[in-house]
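One-letter residues, chain by chain:
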Amino acid sequence: MNTDAPWPTLEEAEARVLEIQTKLHQWANNGPDRQFDDLYNLVYHPAVLMVAWHRVRGNRGARSAGVDGVKPRQVAPGWGLFLLRLHVELKARTFQPLPVRQRMIPKSNGKLRGLGIPTARDRTVQAALKLILEPVFEADFRPCSYGFRPNRRAQDAIAEIHQLASHAYEWVLEGDIKACFDELSHSAILERMRRRVGDKRVLALVKAFLKAGILTEAGARRNTNTGAPQGGILSPLLANVALSVLDDHFTKAWEWQSRYSGSRLYRRRRGLPNYKLIRYADDFVVMVTGTRAQTEALREEVATVLAPVGLRLSEEKTTVVHIDEGFEFLGFRIQRQIKQGTTNKRLVYTWPAKKPLLTVKAKVRAITSQGTNKSLSDLLHQLNPVLRGWTNYFRYGASKKTFSYLSWFTWRRVICWLRRKYRHATWKQLRRRYLPGWWPAQGWTSLFNPAAVPVTRYRQRGNTIPTPWQPAERKAS
């Protein structure tokens, strides 16, 4: 067999996949009721498999093996034959996914969370499915959803919450879905997919992944009658498809409040509530103008909407709070406080919550607690990506004091590490060699300074966030 003939170069494959995705997205946008009856041929298209494999091989999961013990990095030298076999199996419809390998990951509350690791071949097919299905469903997903969607990020959700909380949406329903990825109804997911996907071969392949089963750490095989294992490339998209039932319900309510029930101001003057959903994957809040009782009533409404997709709210973690009390969402603390220097001017602030600060401190502590055999530059090369990534996430908010504290904490940990490494060195020697200006550095590498990161308010994009498949003229406008 000629393993090189079907496969284009990566640049050609990416261009071809982008063209396919753009057409699918445009057709889905132009026809809200359109069903796609011939998608399966695209799943095993050489360009699609090529791009899917490149993404599987390039992410951090390439270091992990599934139940077959094969890591994607081990497949890299023979990727041509690997993809050809997948192409032939998918075309002949003989492809069968294997069970995912389960790994239990500790959570911050002391409990364990199951992570499912598919095989390299299953990951590649899942990535191919995602490349084809995502542009179709993105045409239907609502703007209030931000998690695991292209061009959208957590800061968009925080910015919308800040905007609403600053304009009289003072009551907040914090929703927590109990074991979302474990309890999703397979029939509900497939039913919602059938509204857009008429190709039974694609639906059968998705169902096969859902029913593939789990190989536990103890070596026992467990069937999966519900849920989409966390760790699968396709799972976030399937979760968004299922949870779009919540988005649809609250978006229709939001539109109804302004179009058919008078203006929102009219409703507020008559004591009627206005409310809006902001969701990031399985985390969501409902911002409400009204009373606590009206906000509490939405809890039962949310539970009723989620029931058909097999989900339920956690009674303990689903709470109602006022913006003056504050709440935490996606790592941020969101609370209205009196502006410093004034007596009665109140503003809504967002800053890093205590929990993520403790997490990054633990990472810094773990790195600086390692042995002193490495050089200072090696230590800084470990620390800097952690600090840079954390501050980049939280720099959109009132984070300056937190960044200054983290800068001091890290500086102190590095100084203690230097004192352990060079026990007989004087302060003068340490300053001359490793502390120019009292800041740790060696050669061209210096410690990343969180306090020097500028903080700003994230620009709310709302309904203007473009998809990657919109024509250039629409993006420009």
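Just above sits the structure.
Because the structure is a prediction, the values reported are computed rather than measured.

(A) Main features of a positive patch on the surface. Together, Lys 107, Lys 111, Arg 113, Lys 178, Lys 317 and Lys 355 line one region of the surface with positive charge. Structurally, Lys 355 can be placed in helix α14 (residues 354–368).

(B) Structural view of unusual backbone geometry. Here Ala 281, not a glycine, exhibits a phi torsion of approximately 60°, which is positive. As for its position among the elements, Ala 281 is in the loop between β6 (274–280) and β7 (283–289). Note on Ala 281: relative accessible area 8%, which makes it buried.

(C) Representation of the layout of surface pockets in the model. Its boundaries defined by the atoms lining it, the second largest pocket holds a volume of some 370 Å³. Lining the second largest pocket are 19 residues; nearest its centre among them are Glu 138, Phe 141, Pro 143, Arg 152 and Asn 463. Of the residues assigned to the lining of the second largest pocket, the class counts are 6 nonpolar, 6 polar and 7 charged.

(D) Seen up close, the environment of Arg 221. Inspection of the secondary structure assignment puts Arg 221 in strand β5 (residues 221–222). The exposure class assigned to Arg 221 is exposed, which follows from its relative accessible area of 52%. Sequence separation between Arg 221 and Val 100 is 121 residues; the distance between their C-alpha atoms is 9.7 Å. Apart from the residues lying within four places of it in its own chain, the contact partners of Arg 221 are Pro 99, Ala 212, Gly 213, Ile 214 and Leu 215. There is a polar contact of 3.0 Å between the side chain of Arg 221 and the backbone oxygen of Ala 212.

(E) Local environment of the packing of aromatic side chains. Within this structure, the stated rule accounts for 17 aromatic pairs. Between Tyr 40 and Tyr 44, the aromatic rings sit 5.7 Å apart at their centres with planes inclined by 70°, giving edge-to-face as the arrangement. Overall, the relative accessible area of 12% leaves Tyr 44 in the buried class. Between Phe 332 and Tyr 393, the aromatic rings sit 5.6 Å apart at their centres with planes inclined by 35°, giving tilted as the arrangement. One end of the pair, Phe 332, is in strand β10 (residues 332–338); the other, Tyr 393, is in helix α15 (residues 376–394), with 61 residues separating them in the sequence. On the accessibility criterion, Phe 332 (0% relative accessible area) is buried.

(F) Representation of the state of the cysteines in the model. With the rule as written, the count across this model stands at 0 disulfides. The closest cysteine sulfur to the non-disulfide-bonded Cys 144 is located on Cys 180, 15 Å from its own sulfur. What makes Cys 144 buried here is its relative accessible area of 5%.

(G) Region of interest: empty space enclosed by the protein. Under the counting rule described, the total for this entry stands at 2 cavities of 30 Å³ or more. The volume enclosed by the largest cavity comes to roughly 130 Å³. If you trace the largest cavity, you find 16 residues lining it, with Gln 126, Phe 209, Leu 210, Pro 229 and Ser 235 closest to the centre. Secondary-structure elements contributing two or more residues to the lining of the largest cavity are α6 (120–138), α10 (200–210) and α11 (235–259). Classifying every residue of the lining of the largest cavity by side-chain character gives 11 nonpolar, 4 polar and 1 charged. Put simply, the second largest cavity is a space of about 40 Å³. Lining the second largest cavity, in full, are Gln 155, Ile 158, Ala 159, Phe 332, Thr 350, Tyr 396, Arg 457 and Tyr 458. Here the residues of the lining of the second largest cavity sort into 5 nonpolar, 2 polar and 1 charged.

(H) Focus on α14. When the terminal C-alpha atoms of α14 are compared, their 21 Å separation across 15 residues agrees well with the 21 Å that a helix rising 1.5 Å per residue should span. Those residues of α14 not exposed but buried are Pro 356, Leu 357, Val 360, Lys 361, Val 364, Ile 367 and Thr 368. Burial along α14 is one-sided: seen end-on, the buried residues are contained in an arc of 140°. Summarising the contacts, the buried residues of α14 are in contact with α15 and α16 (400–421).

(I) Molecular detail of the pattern of salt bridges. Here the structure, examined in full by the defined rule, presents 21 salt bridges. Here Arg 201 and Asp 38 are joined by a salt bridge, their closest N and O atoms 3.1 Å apart. In this pair, Arg 201 is assigned in helix α10 and Asp 38 in the loop between α1 (10–30) and α2 (40–43), connecting sequence segments 163 residues apart. Taking relative accessible area as the criterion, Arg 201 reaches 24% and is therefore assigned partly exposed. Linking Asp 122 and Arg 121 is a salt bridge whose minimum nitrogen-to-oxygen distance equals 3.6 Å. Neither Asp 122 nor Arg 121 differs from the other in exposure class; each is buried. Each of Glu 170, Asp 324, Arg 336 and Arg 346 takes part in one network of salt bridges that share partners.

Definitions and cut-offs
- Residues numbered from 1 in each chain as written.
- Predicted model: local features only at pLDDT ≥ 70, side-chain atom pairs only at ≥ 80, totals over all residues.
- Heavy atoms only, no water.
- Patch = residues over 30% accessible without salt bridge, like charges linked within 9 Å, V, L, I, M, F, W, Y side chains within 5 Å.
- Areas by Shrake-Rupley, 256 points an atom, 1.4 Å probe, with all protein chains shown as cover.
- Salt bridge = Lys/Arg side-chain N within 4 Å of Asp/Glu carboxyl O.
- Lys, Arg positive; Asp, Glu negative; His and termini not counted.
- Charge placed at Lys NZ, Arg CZ, Asp CG, Glu CD.
- Helix = DSSP H or I, 4+ residues; strand = E, 2+ residues; numbered from the N terminus.
- Buried < 20%, exposed > 50% of the residue type's maximum accessible area, 1.4 Å probe, protein only.
- 1 Å grid on protein atoms, 1.4 Å probe; cavity = no way out; pocket = protein on both sides within 12 Å on 5 of 7 lines; lining within 4 Å.
- Points joined across faces, edges and corners; volume = space filled by probe spheres on them.
- Nonpolar A, V, L, I, M, F, W, Y, C, P; charged D, E, K, R; others polar.
- Contact = heavy atoms within 4.5 Å.
- Polar contact = N/O pair within 3.5 Å; in protein donor to acceptor, adjacent residues only side chain to side chain.
- Phe/Tyr/Trp six-rings, centres within 6.5 Å; stacked < 30°, edge-to-face > 60°.
- Disulfide = S-S within 2.5 Å.
- Expected span 1.5 Å × (residues − 1).
- Arc of directions from axis to C-beta.

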